[in-house]
Amino acid sequence: MSIVWLLRRLLTVLYTLLVVSIVVFGLTQLLPADAAVTLLGENATPEALAAVRLRLGLNDPAWLQYWHWLSGLLRGDFGTSMRTDQPVGPTMFIALSRSLLLGGLSIAVMLVIAIPLGMLAALRRGKAADIVSSLVSYLGVSLPEFVTATLLLIVVADHFQLLPATGYVAPSENLADSIRHLILPVVTVSLILVAHVSRMVRSETIDVLNSDYIRAARLKGLPPHTVLMRHVLRNALLPTITIVALDVGYLLGGIIVVEEIFAIPGIGRQLIVAITTRDLPSIQAGAMIMAGTYAIANTLADMAYAMIDKRIRYD
Amino acid sequence: MSPALEIRDYALDYVTQGGTQRVLQAIDLAIASGEVVGLVGESGSGKTSLAWAIMRYLPANAREAPAGRIRLGDTDLRAASAKALETIRGRRMSMVFQDPSTALNPTLTIGRQVTEVLVRHRGLSEREAWREAIQALEHVDLRQPEALMRRYPHQASGGEKQRIGIATAFACRPELIIFDEPTTALDVITGARILELFRRLREETGVAALYISHDLALVSRVADRVAILEKGAIVEEAPSATIFRHPLHDYTRRLVAAVPRPERRLVSDQVADDALLSATNIAVRYQRKRLFRPAPRPATANIAIDVRRGEILGIVGESGSGKSSIARALTGLADYTGRIALAGRRIDSADDMDRGYRRAVQIVFQHPDSSLNPRQTVADILARPLRLYGGDVSTIPALLEEVRLPAAYAKRYPHQLSGGEKQRVAIARAFAARPDLIICDEITAPLDVSVQASVVELLLRLRAANGTAYLFITHDLNLVQQVAHRIAVMRNGEIVDLLGIEDLRSGNMHPYTRELIAASPAPVG
Amino acid sequence: MTDTLRRLMRTPQGALGSVLLVALVLACVLGGAAAPYQPEAMDFAGRFAAPGVKHWFGADQLGRDVLSRLLVGARSTIPLAVAATFSGAAIGACIGTLSAYLGGWWDEAITRTIDAVMAVPHLLLALILVSTLGKGSLNAAFAISISVVPSMARVTRSVALAVRQQEYVKAAIARGESGSWIVLREMLPNVAAPVIIEATIRVAFAVMLFATLSFLGLGAQPPASEWGLMVSEARRFMHQAPWVIVAPSLAIAATAICFNLLGDGLRDALNPRDER
């Protein structure tokens, strides 16, 4: 893999983050609320308000405020939360680690289920297994996360009292408890992912099964399991990498809702709190971190893809 | 001794939404051990379906008539179980496919795909199989086989991949090999070399072979016997030496008549030395220079070409020779540097090509499926050039008649026409402008030989009526020798030879031209 | 047009999707008129009534008939989501086609910017927009419309690029046709079909996103009976009356399934090739 290729990918990531920063900053600047009033409350004196405005640099023109914020970001300073008066960065990154745990587990679960499911549906195309899995997929992509989460809560946590309804326990504290609390959220997030990815895997596998080289392999007299394992698998999984990378975007969106419902203190929850309390620095930081995670995930996927597909040139 | 392959009274149907379609009927065919039988048919004749039937790889909607028999040696293939077939395929019978690029798995090394047959059927260990595979590749004249084994398919050329396919098919010394149009996807010269390889291997091994093709001339050179397939039935079967000279069945006669023969000139007039279009110093460049990369090679070097009024100028060359690039430059579809002059007027770039130029220079493309807008009726398609160039929309029925299509076709959509009919509409569209020059960019390549003959006849008739000049781009040397006044030969973006018909007859030509002509010899008979 | 409809009904997905669509349209149009009860009518005696003859889907914490609220809620949930999707799709399609037609440097710049905007998850973008503009159905719809633009632009661009490679476009260029003619008369009719299919499927997504926003309190506001809002309000009473959650959930799912089916059915119906 050449340095030039890596550099170009890096430039793309940086450009992405730059655009996101402009979009996020631009949108939040449209907020009608006066940040100073939000901080000090409605009854603050005009002098106090003016002092705060000066301290926060709210009187500067928009582009200057943007520049201050951006240069802070580049130094690693994400600003101070208007709600808690704590530095935003550490809070956000700790929250991110919890979300990564949730997200990572969800992706792992999804891969273990969706790939075999999709391939099975393709191999048994038109038969019962395929139809059932298609129905499940259809349903899976038609249920928003909050619906799945709420229904799961009613049935599993409420009715059968099998698992705790909400809350988060760090794995380092108590592994078993941590897992028990994470099962429902992970199931909720993975359901939509499984539905989506298994459909894609199915359609990719069907394309591969209809290809000339699979026909040639069969006509060489290779037994079915050899054809499947040696010839089909690799070609069907390659596009899956790209799909999974794209789904990280869905995942991040779904995490916001799931963390809210299951009271998990991840970055999604932080964002909701920040948005409802109009905590600008937290909103901006959270959005940047999410976008950054997505961009990095896509780059990793590109690298994995390029390493496996021999046809791609790294120049 | 039982024949290598015997097919008796075999019939096959496909069940589709539109009803049951009979694809093969009453097929009787036998191939003796060591014999090569050619199977010739046009598209839709069922020849490929017969190959799948023999290999027992039919689609799910296929229905075989219960009576028919297919035997490989002493084995009844129809009665064979799936497991038995797995041991037969690749070992006792194998296949060489039409498109070598898609027949190899892009994510596995070439070596893997050759050794797996040896490991599977001859019980060799991986190491032994690797050694044998290298030998097999050497035997099909591939250079540096060890290095090639470690590479991936996309790193090999089309000719190399087809040799690999042949080596794999021969690897387990089968009783029968089916060749499905193995040279169609290859260049003329590469294809000729593959045929030589085939002949050599056949002499050495004495394998029985079924050689499927649409090209009667080619098959009659490689096969001992030829069977002609029309709409699912074998209409004639004869030794290849006689089938060309004395075709018995009507259909065979039509096929033989349609095959282009260079000695049969279809154009007999002379052309005055009156330059219609001349282009000098044309270099066509496809990619802009991007950052951090070297400038891309131009598709054509500095080319000079001229077309005389009313003449047919043929351009031949293999793929990548640049012949289509010239067509694109002359119609403003590609960036070029250099100068074009039409009847004296200078055109320096695509922007200079005004309506007058566009009217005078028209183009017909190669793929009938994509050259007509699928959402426009034939009438819409023909009306546009008429409106643009001052014709009359009411002449559409007359236009259709000129290209021998019924006037009712005006209301049809492209997907309701056959390939040949679509090409006729494309020709009508070009003629609607009453141009001085029509560029034909490999327009007969995707067509069956009989359809090709009728399209060529149409072009010549229209030329006789209108005095149009043609720039006829093709890779079919026999065809171009029949119709062109002059022939330009291209290789690697350059014109290496420019001949008149007298030069062809006298043998006064560039060695490359000679090589091209030798690679597609005139049919015997 | 009628030909397309006929082909749509021939596929199982198209037929089922159309039936569901008709049901949903009826619910939107008739709304409260078709409801057995007044949606606002509270009945403290009948609070948390289980589904039965009197209330087909049960009653909620204020004794309101769930079915009636569902029917009225259709009008709050579906039309805005559909409008948001199609307006976003129209804008996205223009951007995508333009980018494909321009090619070269412009195309790269536009594509990279679209990719960058897509790095922000749809829900997050909508959340930020709504928090900026203020809560409410209209703002939520606007936010969804904006979030649909980048993905539609990408899809349109790739379709337009494929169309641009076709030889009938080259034939038009060779004829000297103007850029606007080529884009409008040659490319657009062939680009429209896949884009419409994609947009139809996006409606499903928009309905879900709209419901999510309302669930989070940022979309439709009470006392509207938007379905996401209904789920959110009923969360407190999960133990006593689970049907108050299940009913709107099923309605949302049914709507999303309907548009997914329609999209799949249209895929076959709009393909100009004959069936084989």
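1. Considerations on the overall build of chain B
Now for step 1: Each helix and strand counted, chain B has 20 helices and 21 strands in total.
Now for step 2: Computed over C-alpha atoms, the radius of gyration of chain B comes to 25 Å, within 12% of the 24 Å expected from 2.2 N^0.38 for 525 residues, which places it in the range of a compact globule.
Now for step 3: In terms of overall dimensions, chain B has a C-alpha envelope of 75 × 55 × 45 Å along the principal axes.
Now for step 4: A burial count over chain B gives 46% of its 525 residues as buried.
Now for step 5: By sequence separation, contacts in chain B at least 24 residues apart represent 70% of the contacts at least 6 residues apart.

2. Observations concerning the overall build of chain C
Now for step 1: A tally of regular secondary structure across chain C gives ten helices and zero strands.
Now for step 2: When the helices and strands of chain C are listed from N to C terminus, the series reads α-α-α-α-α-α-α-α-α-α.
Now for step 3: Dimensions of chain C, computed from the C-alpha atoms along their principal axes, are close to 80 × 45 × 25 Å.
Now for step 4: Residue pairs in contact within chain C that sit at least 24 positions apart in sequence constitute 71% of those at least 6 positions apart.

3. As for the packing of helix α3 (residues 66–102) of chain C against helix α10 (residues 243–269) of chain C
Residue and element names in this part refer to chain C.
Now for step 1: Contact geometry for α3 and α10: axes closest at 11 Å, N-to-C directions at 40°. One finds that α3 runs oblique with respect to α10. With respect to the hand of their crossing, α3 and α10 are arranged in right-handed fashion. Along its contact with α3, which presents Val66, Leu70, Gly73 and Ile78, the element α10 presents Trp243, Val244, Ala247, Pro248, Ala251 and Thr255.
Now for step 2: Grouping the amino acids of the contact of α3 with α10 by side-chain chemistry returns eight nonpolar, two polar and no charged.

4. A short note on the packing of helix α6 (residues 137–164) of chain C against helix α8 (residues 179–215) of chain C
Packed helices, taken two at a time, are described by the angle their axes make and the gap between the axes.
All names here are of chain C.
Now for step 1: Interaxial distance between α6 and α8 falls to 9 Å at its minimum, and their mutual angle equals 155°. Regarding the angle of α6 to α8, the classification is roughly antiparallel. Taken as a pair, α6 and α8 cross one another with a handedness that is right-handed. Here α6 contributes Ala140, Ile144, Val148, Met152, Val155, Thr156, Val159, Ala160, Val163 and Arg164 to the contact with α8, which in turn contributes Met187, Asn190, Val191, Pro194, Val195, Glu198, Ala199, Arg202, Ala206, Leu209, Phe210 and Leu213.
Now for step 2: Split by residue class, the contact of α6 with α8 holds 17 nonpolar, two polar and three charged.

5. Quick look at the interface of chain A and chain C
Now for step 1: Across the boundary between the two partners, chain A contributes 38 residues, which contact 35 residues of chain C.
Now for step 2: Of all the secondary structure elements, the ones that give two or more residues to the side of chain A that touches chain C are α1 (3–29), α6 (128–142), α7 (145–159), α10 (224–262), α11 (267–276) and α12 (280–308) of chain A.
Now for step 3: Looking at the side of chain A that touches chain C element by element, the count peaks at nine residues for α1 of chain A.
Now for step 4: For the side of chain A that touches chain C, the class distribution of residues is 29 nonpolar, seven polar and two charged.

6. Some details on the interface of chain B and chain C
Now for step 1: Counting residues at the interface gives 21 residues for chain B and 17 residues for chain C.
Now for step 2: Looking at the side of chain B that touches chain C, the elements with two or more residues in it are α12 (355–360), α13 (368–371) and α14 (378–388) of chain B.
Now for step 3: Looking at the side of chain B that touches chain C, its residues break down into nine nonpolar, nine polar and three charged.

7. Examining the confidence of the model for chain C
Now for step 1: This prediction gives chain C a mean pLDDT of 85; 98% of its residues lie at or above 70.
Now for step 2: Across the predicted assembly, pTM comes out at 0.84 and ipTM at 0.84.

8. Examining the sheet that holds strand β16 (residues 345–347) of chain B
Residues and elements named next belong to chain B.
Now for step 1: Taking strand neighbours across the sheet as the criterion, the four strands line up as β13-β12-β15-β16 in an open arrangement whose pairing is antiparallel. If you trace the sheet from one side to the other, it starts and ends with β13 (303–308) and β16, each paired once. Shown here is a sheet whose adjacent strand axes are inclined to one another by a mean of 15°, direction ignored.
Now for step 2: The sheet contact formed by strand β12 (residues 275–284) and β13 spans five bridges and is antiparallel. Its bridge partner lying in β13, Ser278 is registered against Asp306.

9. Points about the sheet that holds strand β9 (residues 208–213) of chain B
Residue and element names in this part refer to chain B.
Now for step 1: Reading across from one edge, β7-β8-β9-β3-β10-β11 is the order of the six strands in this open sheet, with mixed pairing throughout. Either end of the sheet is taken by a strand with one partner, and the two such strands are β7 (93–96) and β11 (233–239). Averaged over all neighbouring strand pairs, the angle between strand axes comes to 20°, with direction disregarded.
Now for step 2: Sheet topology note: the strand β8 (residues 176–180)/β9 ladder contains five bridges and is parallel. Bridging from a neighbouring strand, Leu176 pairs with Ala208 of β9.
Now for step 3: Contacts between helix α1 (residues 47–55) and the sheet are confined to β3 (36–41), β7, β8, β9 and β10 (225–230), with β8 contributing the most and set at about 150° to the helix.

10. Observations concerning the nonpolar core
All names here are of chain C.
Now for step 1: By size, the foremost hydrophobic cluster in this structure holds 318 residues, and its most contacted members are Ile144 and Val207.
Now for step 2: Counting residues per element, this core draws most heavily on α8, which supplies 17 residues.
Now for step 3: When near neighbours in sequence (up to four residues on either side) are disregarded, Val207 contacts Thr77, Ile78, Ala81, Ile252, Thr255 and Ala256.

11. A short note on the environment of Ala103 of chain B
Now for step 1: Looking at where Ala103 of chain B falls in the secondary structure, it is placed in the loop between β7 and α3 (110–122).
Now for step 2: For Ala103 of chain B, a count of 26 C-beta atoms within 10 Å corresponds to the buried category.
Now for step 3: C-alpha of Ala103 of chain B to C-alpha of Ala410 of chain B: the two residues are 307 residues apart in sequence and 41 Å apart in space.
Now for step 4: Beyond its immediate stretch of four places on either side in the chain, Ala103 of chain B contacts Asp212, Tyr213 and Ala216 of chain A together with Phe97 and Gly165 of chain B.

Calculation rules
Residues numbered from 1 in each chain as written. Chains lettered and ligands numbered in written order. Predicted model: local features only at pLDDT ≥ 70, side-chain atom pairs only at ≥ 80, totals over all residues. Helix = DSSP H or I, 4+ residues; strand = E, 2+ residues; numbered from the N terminus. Rg over C-alpha atoms; globule rule 2.2 N^0.38 Å. Buried ≥ 20, exposed ≤ 12 C-beta atoms within 10 Å, placed from the backbone. Contact = placed C-beta atoms within 7 Å. Axes fitted to C-alpha atoms, helices over the stretch in contact; angles between N-to-C directions. Parallel < 35°, antiparallel > 145°, perpendicular 65-115°, else oblique. Left-handed = near helix turned anticlockwise from the far one by under 90°. Nonpolar A, V, L, I, M, F, W, Y, C, P; charged D, E, K, R; others polar. pLDDT = per-residue confidence, 0-100. Pairing = 2+ DSSP bridges. Core = buried A, V, L, I, M, F, W, Y, C linked by C-beta atoms within 7 Å.

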